[in-house]
Amino acid sequence: MTEIKPQIEASWKEILHDQFNSSNFKSIKEFLIEEKQKYTVYPPGNLIFNAFNLTPFHAVRVVIIGQDPYHGAGQAHGLCFSVPRGIPLPPSLVNIFKEINTDLGVPIPKHGNLEKWATQGVLLLNATLTVRANQAGSHQRKGWENFTDAVISQLSKQRVGLIFLLWGKFAHDKESLIDTQKHYILKAAHPSPYSAYNGFFGCRHFSKTNEILRRHGLPEINWQIN
């Protein structure tokens, strides 16, 4: 099989070498080629691995797991829950900012670009890395979940003391991939308007994350993005 050469940061390319050369990834690539002939796919190809490119493997300190990219025009840019500057804030992101405001007193920002978190070591990982325009969940069960499960497994296996923020049942199900003897897991409801009042609001995951980092003598995350 011809070696696949993804445009991804070097440490991840090495860690995920076997994944990129697996039959699963070949299937993903073939699916995307076919899909793009018929539909618009988000995010743009150069941003599919944006989370990895902004947060190298050995820089990861916190992992936030989302389900799949936003499916509206201009929203998805390869970071879960994040949108580029100038794009209206999606409801789940508004609720994330409300919780940070309540938890830490950080002002609610006017934009939703979370790159500042990513460059501090927060891996903003969607389980599915692409989506068909205007069709939520349309690229689920096409192989991406196998790939991103392998990402979580490698982080669990090769790193120590990471903090995983698992919001909602879909993310909770990823706990089985994580060695809880080596890592920290904070679970809450999903920040969606449908569930935020059932345990996301009041979870204080942002101050709890910084408390864990402090205990280990590590720099806190500055959750303020303005």
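Just above, that's the structure.
Thresholds applied
Residues numbered from 1 in each chain as written. Predicted model: local features only at pLDDT ≥ 70, side-chain atom pairs only at ≥ 80, totals over all residues. Heavy atoms only, no water. Helix = DSSP H or I, 4+ residues; strand = E, 2+ residues; numbered from the N terminus. Rg over C-alpha atoms; globule rule 2.2 N^0.38 Å. Buried < 20%, exposed > 50% of the residue type's maximum accessible area, 1.4 Å probe, protein only. Contact = heavy atoms within 4.5 Å. Areas by Shrake-Rupley, 256 points an atom, 1.4 Å probe, with all protein chains shown as cover. Lys, Arg positive; Asp, Glu negative; His and termini not counted. Charge placed at Lys NZ, Arg CZ, Asp CG, Glu CD. Pairing = 2+ DSSP bridges.

**Q** Now, about the overall build of the protein chain: what can you tell me, with residues and values included?
**A** Along the protein chain, the regular secondary structure elements total nine helices and six strands. Relative to a compact globule of 226 residues, whose C-alpha radius of gyration would be 17 Å, the protein chain shows 17 Å and is just as compact. Projected onto its principal axes, the C-alpha positions of the protein chain cover 50 × 35 × 30 Å. Looking at the 226 residues of the protein chain, the share that counts as buried comes to 54%. Summarising the internal contacts of the protein chain: among those between residues at least 6 apart in sequence, 65% fall at separations of at least 24. Total accessible area computed for the protein chain in this model is approximately 10600 Å², and 50% of it derives from carbon and sulfur atoms. With 24 positive and 18 negative side-chain charges, the protein chain shows a spacing of 3 Å between the two charge centroids.

**Q** Got a sec to walk through unusual backbone geometry? Specific residues and values, please.
**A** Residues tyrosine 42 and proline 43 are joined by a peptide bond in cis, for which omega reads -10 degrees. Checked against the element boundaries, proline 43 lands in the loop between strand 1 (41-42) and helix 4 (50-54). In this structure, phenylalanine 81 is a non-glycine residue whose phi angle is positive, near 70 degrees. Here phenylalanine 81 lies in the loop between strand 2 (62-66) and helix 5 (91-104).

**Q** Would you mind going over the pairing of strand 5 (residues 163-167) in detail, with residue names and values included?
**A** Looking along a regular strand, one sees the side chains alternate between the two faces of the sheet. Taking burial as the measure, the five residues of strand 5 include five buried ones, the bulk of the element. Of the two faces of strand 5, the one lined by Ile163, Leu165 and Trp167 and the one lined by Phe164 and Leu166 are each fully buried. Across three bridges, the pairing between strand 2 and strand 5 is parallel. Looking across to strand 5, one finds that valine 62 is bridged to isoleucine 163.

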